[in-house]
Amino acid sequence: GAGVSQTPSNKVTEKGKYVELRCDPISGHTALYWYRQSLGQGPEFLIYFQGTGAADDSGLPNDRFFAVRPEGSVSTLKIQRTERGDSAVYLCASRLGQLTDTQYFGPGTRLTVL
Amino acid sequence: AQSVTQLGSHVSVSEGALVLLRCNYSSSVPPYLFWYVQYPNQGLQLLLKYTTGATLVKGINGFEAEFKKSETSFHLTKPSAHMSDAAEYFCAVSAASSGSARQLTFGSGTQLTVLP
C-alpha cells in the first residue's frame with residue numbers, strides 16, 4: 001500500500017515569505033506527527049495530531065509555526081515570516097492508532113530559506 | 001523527559017566485519033526503543049523496535065539490538081557488514097504510555113561507512 005507522502009519534496013523561499021508543507025498519511029492512520037531535521041542532527045518533534053485535533057504542540061518553536069488537520073487525514077504545516085534558521089527537512093510520520101507504537105515516515109520536504 | 005545519546009557520529013567498518021552502533025537513553029517512564037535507518041535523500045525506515053517482552057530484538061537486514069535496562073542501553077549490531085549497510089542510523093525513544101503522544105526523541109545519528 002501507499003506510504004506517507006509529502007509535497008513538495010523541495011521548497012525554496014525568500015526570508016519573510018509564507019510557506020505551506022503538506023503531508024498525506026497512510027490511509028486509516030489516526031496519529032500524525034511533524035518533525036524537523038536540521039543538517040547533521042536527528043529529527044526533532046514539532047506537533048502531534050490524534051484525529052483532527054493537535055493533541056501536543058509543545059515542539060513548535062514559536063508562533064510563526066502552525067499546523068492543521070481539518071478532516072483527520074491530510075495535514076498542512078504552515079510557517080509565517082520564514083527565517084533562514086527555518087531551513088531544514090520537515091518530516092511527517094503517521095501511526096495507526098493509540099494502541100500501536102510504530103511511526104512510519106514520509107520522505108520529507110527540504111525547505112531552504114534564502 | 002527523555003534523551004538519547006549515540007556515541008560516535010561516524011563509524012567505519014570493513015565489509016564482512018561486525019557492526020556495533022551504540023545508543024544510551026534516559027527516560028523517566030518505561031521506554032519504547034527504536035532504531036531507524038536513513039539513506040541519502042530518503043525518509044526514515046524502521047529497522048527494529050523494543051516495546052515489551054524479549055530484550056533481544058531482531059530486525060530487517062540482519063540487524064539486532066538488545067535492551068539492557070541496567071545499562072540504559074540499546075546498542076545495534078550486525079555480524080557481517082555489507083556495502084549496502086552504508087547509511088545514517090538513528091536511535092530513538094518514546095514513552096510506553098498509551099495515553100501520551102509517544103513522540104520520538106532521536107539521537108543525533110551515526111553515519112556508517114562500509115569499506116571494501
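For the structure itself, consult the block above.
S.K.: Residue-level account of the interface of chain A and chain B, with values.
M.R.: With 22 residues of chain A at the contact, the number on the chain B side is 20 residues. The junction of chain A with chain B conceals about 1,600 Å² of combined surface from both sides, 51% of it contributed by carbon and sulfur atoms. The largest share of the area that chain A buries against chain B comes from Pro43, Asp101 and Phe105 of chain A, three residues that together contribute 30% of it. Inspection of the region where chain A meets chain B yields one salt bridge. Its salt-bridge partner being Lys49 of chain B, residue Asp101 of chain A comes within 2.7 Å of it at the nearest N-O pair. Inspection of the region where chain A meets chain B yields six residue pairs in polar contact (both at pLDDT 80 or more). Those elements that place two or more of their residues in the side of chain A that touches chain B are strand E4 (31–37), strand E5 (44–50) and strand E9 (88–95) of chain A. The leading source of residues in the side of chain A that touches chain B is E4 of chain A, at three residues. The class makeup of the residues in the side of chain A that touches chain B is nine nonpolar, nine polar and four charged.

S.K.: Can you break down the pattern of salt bridges residue by residue, with the values?
M.R.: A side chain of one charge can pair with a side chain of the opposite charge when the charged atoms of the two come close. Summed over all chains, the structure comprises six salt bridges over all chains. Taking the shortest distance from any N to any O, the salt bridge between Asp85 of chain B and Lys78 of chain B comes out at 2.8 Å. With a relative accessible area of 2%, Asp85 of chain B lands in the buried category. For Lys78 of chain B, a relative accessible area of 6% corresponds to the buried category. Via salt bridges that share partners, Arg64, Glu83 and Asp86 of chain A belong to a single interconnected network.

S.K.: Talk me through the state of the cysteines; I want residue IDs and the actual numbers.
M.R.: Joining two cysteines, a disulfide is a covalent bond between their sulfur atoms. Enumeration over the complete set of coordinates arrives at two disulfides over all chains. Shown here is the disulfide that connects Cys23 of chain A with Cys92 of chain A, its sulfur atoms set 1.8 Å apart. The chirality of the disulfide connecting Cys23 of chain A with Cys92 of chain A is left-handed, given an S-S dihedral of about -65 degrees. Placement of Cys23 of chain A in strand E3 (residues 19–24) and of Cys92 of chain A in strand E9 is noted, with a sequence separation of 69 residues between them. For Cys23 of chain A, a relative accessible area of 0% puts it in the buried group. Two residues share a disulfide in this structure: Cys23 of chain B and Cys91 of chain B, whose sulfurs sit 1.9 Å from each other. Judged by the sign of its S-S torsion, about -60 degrees, the cystine formed by Cys23 of chain B and Cys91 of chain B is left-handed.

Criteria and cut-off values
Residues numbered from 1 in each chain as written. Chains lettered and ligands numbered in written order. Predicted model: local features only at pLDDT ≥ 70, side-chain atom pairs only at ≥ 80, totals over all residues. Heavy atoms only, no water. Contact = heavy atoms within 4.5 Å. Buried area = accessible area lost by both parts, 1.4 Å probe. Salt bridge = Lys/Arg side-chain N within 4 Å of Asp/Glu carboxyl O. Polar contact = N/O pair within 3.5 Å; in protein donor to acceptor, adjacent residues only side chain to side chain. Helix = DSSP H or I, 4+ residues; strand = E, 2+ residues; numbered from the N terminus. Nonpolar A, V, L, I, M, F, W, Y, C, P; charged D, E, K, R; others polar. Buried < 20%, exposed > 50% of the residue type's maximum accessible area, 1.4 Å probe, protein only. Disulfide = S-S within 2.5 Å.

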